[in-house]
Amino acid sequence: MSATERPIAPDVTLQAPATIPDEDKLPPDAPLADRVTEALKTVYDPEIPVNIYELGLIYRCDIDAEGQVEIDMTLTAPGCPVAGEMPGQVQGVVASVDGVKDVTVNLVWEPAWNPSLMSDEARVALNMF
């Protein structure tokens, strides 16, 4: 299965990000921003079976020349039961990308998340088109 054919909503849990087979991973010389995005797409909301990137939960992802990454992300609701764990999982998967030196994940609530932030792929996966 190629990266473009990877399911948008596999059976994953918060404790187990999706894995990308080695043959489908971006090459090590791909731009760091693309490899970070690829890593973000392995983290899934445990209640909505779509990755957090396609859900629109990543508001900002800045990467400097030294490999410092700063991410602003939100959750689907302030009372989300994974509020304590999700930012740590995001930090962990991004930190594992070769070339990333440090990761800061900020959990933000403004603007509030809403379904209009989802990608078309997420809408199709959730039958919300």
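Definitions and limits used
Residues numbered from 1 in each chain as written. Predicted model: local features only at pLDDT ≥ 70, side-chain atom pairs only at ≥ 80, totals over all residues. Heavy atoms only, no water. Pairing = 2+ DSSP bridges. Helix = DSSP H or I, 4+ residues; strand = E, 2+ residues; numbered from the N terminus. Right-handed = clockwise from strand over helix to strand, strands pointing away. Salt bridge = Lys/Arg side-chain N within 4 Å of Asp/Glu carboxyl O. Buried < 20%, exposed > 50% of the residue type's maximum accessible area, 1.4 Å probe, protein only.

Chemist: Mind laying out the pairing of strand 3 (residues 102-107), listing which residues take part and the relevant values?
Modeler: Pairing geometry for strand 2 (residues 68-73) and strand 3, over six bridges, is parallel. The residue bridging Val 69 from the neighbouring strand is Val 103, located in strand 3. For the crossover that starts at strand 2, traverses helix 3 (residues 86-95) and ends in the parallel strand 3, the hand is right-handed.

Chemist: I'd like to hear about the pattern of salt bridges, residue by residue, with values.
Modeler: Applying the stated criterion across every chain, the model contains six salt bridges. Taking the shortest distance from any N to any O, the salt bridge between Arg 60 and Asp 72 comes out at 2.9 Å. Taken as a pair, Arg 60 in strand 1 (residues 58-63) and Asp 72 in strand 2 lie far apart in primary sequence, twelve residues in all. Its relative accessible area of 25% is what places Arg 60 among the partly exposed residues. Members of the salt-bridge network, linked through shared partners, are Arg 60, Asp 62, Glu 70 and Asp 72.

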